[in-house]
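Here are the chains, one letter per residue:
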Amino acid sequence: MIKKEQALALVLLGAASGMALWTIRYRPVWFDEGWTWHTARMSLGDGLRAAARDRHPPLHLLIDHLWMRAVGDSELSLRWPSVAFGLLTMAFAWRLHCQVWGPSWAGALVIVGIALSPLWLEQMRQARMYTQLSFFVLLSWWAMERWIKRPIVRNWILWVLSGLGALLTHYYAIFPIVVGAALQVCARRNWRGLVGAGTALAAIGVGTALWVLLGQIRLALFLPEEHIPSLPQFLAATNAALRSSALAYWGAMPPIGWALLLLTVLVNLGPHASAVQKRWFLFTGLGIALPIVVMAGGRGNLLNFAPRHILYAHPLVAMGWAGGVARLLRWSQRRPARPVRIGLAGAIWTASLIPVGYAGRSAWALLQAEANSPRAEEAAVRYLRSRAGPGDVVLTLRGHWGIRYYWQRWQPPAELREGPQGPVLTSADPSAWLSSPAQPCSGSHRIWIIGWQEEFVDPLGWFPAWLLWNGWEEDVRNIAGLSVRGYNVSCVLKRPPEPEGDLSVVFQNGIHLRGFRFRPPHPRDRLLGVMLTWERTLPLHGFLKVFIHR
């Protein structure tokens with residue numbers, strides 16, 4: 001028979017799944033999701049090689065590949081694995097809360113606290129690996145506790161498989177895996193515990209090393225920096241990482257909200273806390289602190305810390321938060337007078353729901369923003385479907401995979417080409433992408449550029465230099481961060497000359513005018529053009545104004 005607490009948990013999980021599935025339609029397929037869709041549609045071998053080139057572990061791609069082969073490659077099927085792992089994680093976290101802190105109505109706060117997190121809601125609706133990582137990390141914690149309670153081979157294998165699954169989902173899983181092994185050694189305090197943890201880590205390491213070797217992944221990804229930041233820089237980076245994570249997990253809250261949330265979690269360190277609850281606290285705290293310390297210090301330039309990288313900690317924090325509420329409610333029921341018990345229980349529930357209210361407000365704001373935001377990639381492809389014709393060439397700068405997804409959906413008549421992903425620094429570089437069209441061409445044809453992060457890909461403007469030297473610009477449209485430009489150019493393109501003169505004009509620290517060239521008049525406008533070549537050598541802060549008089 002289903003108990004009332006279990007029925008409430010099922011209702012909350014159903015509501016969370018309905019909310020995630022309903023709002024999937026508001027999210028456009030963007031760069032990383034387009035990459036996932038593209039690689040999952042490849043053959044399994046080609047997809048794994050593509051994952052290795054991008055330094056991704058293979059498990060998420062493997063699951064997506066098998067899933068999309070079974071149900072298709074629509075936006076819903078593309079994102080469903082993330083939704084499924086998100087729901088599994090919420091249900092598993094609720095179940096573990098009931099095992100560690102006992103069944104109570106407070107267990108519902110586990111599901112509510114996870115589901116209303118803005119970051120969790122965002123990642124559960126993206127075709128990425130972070131909810132899958134959260135599930136495997138939670139599974140590894142549960143397997144670690146089983147291994148500590150009963151140190152048998154079956155539980156050892158379960159911990160190894162869950163840890164290997166987490167690490168083959170995302171490399172950042174190494175942090176909770178190491179913390180779990182250390183807690184297992186400290187809990188058993190004998191040579192068998194040390195040998196068991198050592199052999200488990202070795203097995204997980206061998207499995208990951210096989211992928212690294214087969215995928216030919218550069219080991220520099222895992223090596224520390226040569227330059228270690230100073231202590232003030234390290235503390236500033238750590239503080240920024242903690243603040244951004246707290247804001248992403250729970251949304252904007254006043255100090256009273258953070259204080260109540262922290263105090264509720266710290267209740268688990270009270271005098272009557274069990275050994276499992278203390279290990280939960282260490283596993284969660286070190287699972288947050290260790291990656292932030294490493295990312296802010298040892299590998300700050302490459303790891304690029306973002307709150308989603310430790311999303312696995314959010315279900316653990318929600319478990320402890322609900323556990324603290326459950327312990328406070330049991331304490332309130334020991335009061336002799338009934339009015340006192342009712343008053344204390346009401347105050348505890350009110351205080352515990354304050355973080356829920358602020359997280360819910362932030363989650364609702366996120367959904368509203370996405371519902372009202374333009375679908376730039378789809379709008380760009382639909383625009384080209386109406387404007388481009390057979391024989392036209394559409395070139396994407398920065399390899400925008402979201403464009404490829406909607407291109408497959410809308411099927412414009414033009415030819416789509418993937419442009420450069422790294423910086424183009426010489427005048428000869430664009431020739432490989434601006435070759436003759438696949439269809440026969442006489443006189444002229446049109447080339448369209450879909451630009452994204454052009455200041456990185458084409459900092460010197462060589463692509464427009466080629467196209468304007470051989471033709472003219474006839475269509476310009478900006479679509480929510482994407483620029484769509486159409487050029488009418490000769491079928492056979494000629495290389496533009498190098499900039500004339502070395503002006504060495506410094507307009508601002510980091511902005512140099514390298515030179516200029518005259519563009520010959522074209523039959524359409526008969527105007528003599530002047531093209532300037534700029535170079536950016538340092539990051540820009542604020543806006544730059546350049547006045548050109550003619």
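What you are looking at is a predicted structure, and each value in this text was computed from that prediction instead of being measured.

(A) Up close: the sheet that holds strand β1 (residues 393-396). If you walk across this open sheet you meet the five strands as β2-β1-β3-β5-β4, and the pairing is mixed. Two strands in the sheet have a free side with no partner beyond their single neighbour: β2 (415-418) and β4 (471-479). Pairwise comparison of adjacent strand axes, ignoring direction, gives a mean angle of 20° for this sheet. Taken together, the four bridges between β1 and strand β3 (residues 444-451) define a ladder with parallel strand orientation. Residue pairing for β3: Val 393 is matched across the bridge by Ile 447.

(B) Molecular detail of the confidence of the model for the protein. Considering every residue of the protein, the mean pLDDT works out to 83; 85% of them sit at 70 or more. Within the protein, helix α8 (residues 130-149) carries the highest mean pLDDT (94), whereas helix α15 (residues 300-303) carries the lowest (47).

(C) Spotlight on the nonpolar core. Formed by 90 residues in total, the largest nonpolar core has its most connected members in Met 90, Trp 141, Trp 159, Trp 250, Met 319 and Trp 321. At 12 residues, the largest contribution of residues to this core is made by α8. If we skip the residues at most four places from it in the chain, Trp 250 touches Gly 113, Pro 118, Trp 258, Leu 261, His 314, Val 317, Trp 321, Pro 355, Tyr 358 and Ala 359. Counting residues in each nonpolar core, the second largest holds 27 residues, with Val 29, Met 68, Leu 384 and Trp 401 among its members.

(D) Structural detail: the packing of aromatic side chains. Summed over all chains, the structure comprises 12 aromatic pairs. Considering the side-chain rings of Phe 85 and Phe 136, the 6.4 Å spacing of their centres and the 35° angle between planes classify their relative orientation as tilted. Taken as a pair, Phe 85 in helix α5 (residues 75-101) and Phe 136 in helix α8 lie far apart in primary sequence, 51 residues in all. Like Phe 85, the residue Phe 136 is buried in the burial classification. Between Trp 433 and Phe 463 the ring centres are 6.3 Å apart and the planes differ by 50°, which places this aromatic pair in the tilted class. One end of the pair, Trp 433, is in the loop between β2 and β3; the other, Phe 463, is in helix α21 (residues 462-469), with 30 residues separating them in the sequence. Given the relative accessible area of 1%, Phe 463 is considered buried.

Conventions we followed
Residues numbered from 1 in each chain as written. Predicted model: local features only at pLDDT ≥ 70, side-chain atom pairs only at ≥ 80, totals over all residues. Heavy atoms only, no water. Pairing = 2+ DSSP bridges. Helix = DSSP H or I, 4+ residues; strand = E, 2+ residues; numbered from the N terminus. Axes fitted to C-alpha atoms, helices over the stretch in contact; angles between N-to-C directions. pLDDT = per-residue confidence, 0-100. Core = buried A, V, L, I, M, F, W, Y, C linked by side-chain atoms within 4.5 Å. Buried < 20%, exposed > 50% of the residue type's maximum accessible area, 1.4 Å probe, protein only. Contact = heavy atoms within 4.5 Å. Phe/Tyr/Trp six-rings, centres within 6.5 Å; stacked < 30°, edge-to-face > 60°.

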